[in-house]
Amino acid sequence: MNLPNKLTMIRVILIPFFVVFLLYPMVDYSNYIATGIFIVASLTDLADGKIARKYNLVTNFGKFMDPLADKLLVCSAMICLIETGQLAAWIVIVIISRDFIISGFRLVASDNGVVIAASYWGKFKTTFQMLMIIVLILDIDMEFFDILGVILTYVALILTIISLVDYIVKNKQVLNEQN
């Protein structure tokens, strides 16, 4: 297993630890520990892709597991934030629904021999989702952070919708029936 794939697996392994510290605060400042774990896991996402492309270490395992690990991390965090009362369920439903739609789109495209690459909108969406999660988990009791959390939440939501529309518009031929 190459380094990028190991980093991806580390991200997956960190998820249960992140969830435990976020939902079951056993020690003081558990939310800070959860935030640290989330940041480290998020940075492995950045590192594995850069390393894989730079050193030509792209594998089928990585192509499959990297986006899955990202979705597991972000979706786990958002679902936990529903339970902690920091994120509305409808927002999480919209964001997760977008991921299901794009995954289905990619599956249909793959069956037709078409590869749908990640777009800049999708990367912006992921970045803002991760920033939103970090700010919400930190839960710093200051008006500035409350406002920042709301802004990041709605920016992430808007980018989620924009990236969905972008994928569909750019790849609508995937849905055309084959004769």
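Here, every reference points to the structure presented above.
Throughout what follows, the structure given in this document is the object of discussion.

What counts, and at which threshold
For every chain, the first residue of the written sequence is number 1, and numbering continues from 1 along that sequence. Predicted model: local features are reported for residues with pLDDT of at least 70 only, side-chain atom pairs are reported and counted for 80 or more only, and whole-chain, interface and lining totals are derived from all residues. Excluded from the side-chain calculation are hydrogens and water; included are all heavy atoms of the structure. Helix numbering and strand numbering both begin at the N terminus, where a helix is a DSSP run of H or I of at least 4 residues and a strand a DSSP run of E of at least 2. We call Phe, Tyr and Trp rings a pair once their centres come within 6.5 Å, taking the six-membered ring for Trp, and we label the pair stacked below 30 degrees between planes, edge-to-face above 60, and tilted otherwise. Burial classes follow relative accessibility: with a 1.4 Å probe on protein chains only, a residue under 20% of its type's maximum area counts as buried, one over 50% as exposed, and anything between as partly exposed. Only protein atoms enter the 1 Å grid used here, on which a cavity is any set of points holding a 1.4 Å probe that cannot leave and a pocket is any open set flanked by protein within 12 Å on both sides along at least five of seven lines; residues with an atom within 4 Å of a point are listed as lining. Grid points are joined across faces, edges and corners, and a volume is the space filled by probe spheres set on the points. As a working rule, the residues Ala, Val, Leu, Ile, Met, Phe, Trp, Tyr, Cys and Pro are called nonpolar, Asp, Glu, Lys and Arg charged, and the rest polar, with Gly in that last group. Expected helix span is computed as 1.5 Å times (number of residues minus one). Contact definition: two residues touch when any of their heavy atoms are within 4.5 Å. Helix axes use the C-alpha atoms of the stretch in contact, all axes being lines fitted to C-alpha atoms, and the angles between their N-to-C directions lie in the range 0 to 180 degrees. Throughout, a crossing is termed right-handed when the near helix is turned clockwise from the far one, and left-handed when it is turned anticlockwise from it by less than a right angle. Disulfides are defined in this document as cysteine sulfur pairs within 2.5 Å. When a carboxyl oxygen of Asp or Glu lies within 4 Å of a side-chain nitrogen of Lys or Arg, that pair is called a salt bridge.

Some thoughts on unusual backbone geometry
The backbone of Asn56 shows a phi angle near 55 degrees, a positive value even though the residue is not glycine. Mapped onto the secondary structure, Asn56 falls in the loop between helix H2 (30-54) and helix H3 (60-83). Positive phi, close to 50 degrees, is recorded for Asp139, a residue that is not glycine. Position of Asp139 among the secondary structure elements: in the loop between helix H5 (120-138) and helix H6 (143-170).

Considering the packing of aromatic side chains
Overall, the coordinates contain four aromatic pairs when judged by the stated rule. Centroid distance Tyr29 to Tyr32: 5.7 Å. Interplanar angle 40 degrees. Geometry classified as tilted. On the accessibility criterion, Tyr29 (58% relative accessible area) is exposed. Residue Tyr32 is classed as partly exposed on the basis of its relative accessible area of 43%. Ring geometry for Trp121 and Phe124: centres 6.2 Å apart, planes at 80 degrees, overall edge-to-face. With Trp121 and Phe124 both in helix H5, this residue pair falls three residues apart, about one helical turn.

Quick look at the layout of surface pockets
Taking a probe equal in size to a water molecule and rolling it over the atoms shows the remaining empty space. Within this model, the second largest pocket holds a volume of roughly 160 Å³. As for the second largest pocket, its lining consists of Gln86, Val135, Leu136, Asp139, Ile140, Phe145, Asp146, Gly149, Val150, Thr153 and Tyr154. Of the residues forming the lining of the second largest pocket, the biggest block, six residues, is contributed by H6. For the lining of the second largest pocket, the per-class residue count stands at six nonpolar, three polar and two charged.

Examining the environment of Arg53
Inspection of the secondary structure puts Arg53 in helix H2. In the structure, Arg53 is positioned 49 residues away from Pro4 in sequence and 9.5 Å away in space, judged by C-alpha atoms.

Concerning H6
Side chains that are three or four residues apart share a direction in an α-helix, a result of its 3.6 residues per turn. When the terminal C-alpha atoms of H6 are compared, their 40 Å separation across 28 residues agrees well with the 40 Å that a helix rising 1.5 Å per residue should span. Taken as a whole, H6 has its buried residues at Gly149, Leu152, Thr153, Ala156, Leu157, Leu159, Thr160, Ser163, Leu164, Asp166 and Tyr167. Taken together, the buried residues of H6 touch helix H4 (89-111) and H5.

So, the packing of H3 against H5
At their nearest, the axes of H3 and H5 sit 11 Å apart, and the two run at 40 degrees to each other. Of the two elements, H3 crosses H5, and the hand of that crossing is left-handed. In this structure, H3 uses Val74, Ala77, Met78 and Leu81 to contact H5, whose residues at the interface are Gln129, Met130, Met132, Ile133, Leu136 and Ile137. Considered class by class, the residues forming the contact of H3 with H5 number nine nonpolar, one polar and no charged.

Considerations on the state of the cysteines
Overall, the coordinates contain zero disulfides when judged by the stated rule. Free cysteine Cys80: the closest other cysteine sulfur is in Cys75, separated by 11 Å.

Regarding the pattern of salt bridges
Tallied over the full model, the rule gives seven salt bridges. Here Asp99 and Arg98 are joined by a salt bridge, their closest N and O atoms 2.9 Å apart. For the pair Asp99 and Arg98, a shared accessibility class is recorded, and that class is buried. Each member of the salt-bridge network shares a partner with another, and the members are Arg11, Asp45, Asp48, Asp66 and Asp70.

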